[in-house]
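# Residue-level structural notes
Chain by chain, the residues:
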Amino acid sequence: MPIFKPSQIVRSIYDIDGDALQRAGIKGIIFNWSNTLIPKNSPSASDSMKKWLKDFKSRYAIKLIIVSNSKPPSQGNELVNEIPALFEASKPKKKAFMAALDILGTRKNETAVVGNGIITDLWGGNRLGMYTIFVSPSWTKPRIIGAIKRLVVKVLRV
């Protein structure tokens, strides 16, 4: 498997199929924070994101954690209070992913990494043998960086 090739590409976090992940033996998910769960520089997750995560947690036997290179959000961010989180994690260093595995209590081959970072999320997860999901969130569409990322991932996927 090419190191930057995701196991799966979704247009939005809402397109993640929990049933398919469970069938694939996934027991834990490492989520990126900024530009994956929340728009960059947003103070908190949207109500629809909070609802999706709550529904996902209640429906599937999959543990969740946030691992981000971002600074921790300000106090009062209820999403971070509901899901374990590691901020300023220094992804793609293995140490960040290994710390998440310890918290989740899962092995590499039963853990997925979900994010929009080609280096931080895809490469970081793939080099440890994790299932990787590239998310191309709608709020990056107008930006040139988002378009370039989607193009690179499509080219690498071939």
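Preceding this section is the structure that the text describes.
Calculation criteria
- Residues numbered from 1 in each chain as written.
- Predicted model: local features only at pLDDT ≥ 70, side-chain atom pairs only at ≥ 80, totals over all residues.
- Heavy atoms only, no water.
- Helix = DSSP H or I, 4+ residues; strand = E, 2+ residues; numbered from the N terminus.
- Buried < 20%, exposed > 50% of the residue type's maximum accessible area, 1.4 Å probe, protein only.
- Contact = heavy atoms within 4.5 Å.
- Areas by Shrake-Rupley, 256 points an atom, 1.4 Å probe, with all protein chains shown as cover.
- Core = buried A, V, L, I, M, F, W, Y, C linked by side-chain atoms within 4.5 Å.
- Polar contact = N/O pair within 3.5 Å; in protein donor to acceptor, adjacent residues only side chain to side chain.
- Phe/Tyr/Trp six-rings, centres within 6.5 Å; stacked < 30°, edge-to-face > 60°.
- Pairing = 2+ DSSP bridges.
- Axes fitted to C-alpha atoms, helices over the stretch in contact; angles between N-to-C directions.
- Right-handed = clockwise from strand over helix to strand, strands pointing away.
- Arc of directions from axis to C-beta.

### Looking at the overall build of the protein chain
For the protein chain, the count of helices and strands is six helices and six strands. Of all 158 residues assigned to the protein chain, the portion counted as buried reaches 45%. Put simply, 65% of the contacts in the protein chain that link residues at least 6 apart link residues at least 24 apart. For the protein chain, the exposed surface amounts to about 8,100 Å²; the carbon and sulfur share of it is 55%.

### Points about the nonpolar core
Residues Ile16, Ile29, Phe31 and Leu37 are the most contacted members of the largest nonpolar core, which totals 25 residues. Of all the secondary-structure elements, those providing two or more residues to this core are strand E2 (28–31), helix H2 (47–59), strand E3 (63–67), strand E5 (111–115) and strand E6 (131–135). Looking at this core element by element, the count peaks at four residues for H2. Counting twelve residues, the second-largest nonpolar core is a separate cluster that includes Val67, Ala96, Leu101 and Leu128.

### As for the environment of aspartate 17
Mapped onto the elements, aspartate 17 comes out in the loop between strand E1 (8–10) and helix H1 (18–23). Residues aspartate 17 and phenylalanine 56 lie 39 residues apart in sequence; the distance between their C-alpha atoms is 9.7 Å. Of note is the side chain of aspartate 17, whose polar atom sits 3.1 Å from the backbone nitrogen of alanine 20.

### Regarding the packing of aromatic side chains
Enumeration according to the criterion identifies five aromatic pairs in this entry. A centroid spacing of 6.3 Å and a plane angle of 85° characterise the contact between phenylalanine 31 and tryptophan 52, whose relative ring orientation is edge-to-face. Of this pair, phenylalanine 31 sits in strand E2 while tryptophan 52 sits in helix H2, and the two are 21 residues apart along the sequence. Across the pair, exposure class does not vary: phenylalanine 31 and tryptophan 52 are buried alike.

### Quick word on the sheet that holds E2
The strands that make up a sheet pair up through hydrogen bonds in the backbone, lying either parallel or antiparallel. The strand order across the open sheet built from six strands is E1-E6-E5-E2-E3-E4, with neighbouring strands paired in parallel fashion. Each of the sheet's edge strands pairs with one partner strand only, and the pair in question is E1 and strand E4 (85–86). Across three bridges, the pairing between E1 and E6 is parallel. Across the sheet, glutamine 8 pairs through a bridge with isoleucine 133, a residue of E6. Helix H4 (residues 94–104) rests against E2, E3, E4 and E5 of the sheet, and its axis sits at about 150° to E3.

### Some details on the pairing of E3
Burial within E3 is extensive, with four of its five residues counted as buried. Strand direction decides the pairing type here: E2 and E3, joined by four bridges, are parallel. Residue pairing in the sheet places isoleucine 29 in a bridge with leucine 64 of E3. In terms of handedness, the path from E2 via H2 over to E3 forms a crossover that is right-handed. Two strands pair when backbone bridges link them, and E3 and E4 are joined in this way by two bridges, in the parallel orientation. If you follow isoleucine 66 over to E4, its bridge partner there is alanine 85.

### Structural notes on H4
Within H4 the residues assigned to the buried category are Ala96, Phe97, Ala100, Leu101 and Leu104. Buried residues in H4, looked at end-on, bunch into an arc of 135°, giving them a common side. Turned more than 90 degrees from where H4 packs its buried face, Lys95 and Asp102 sit exposed. Looking at the buried residues of H4, the elements they touch are E2, E3, E4, E5 and helix H5 (118–126).

None of this, on its own, says anything about what the molecule does.
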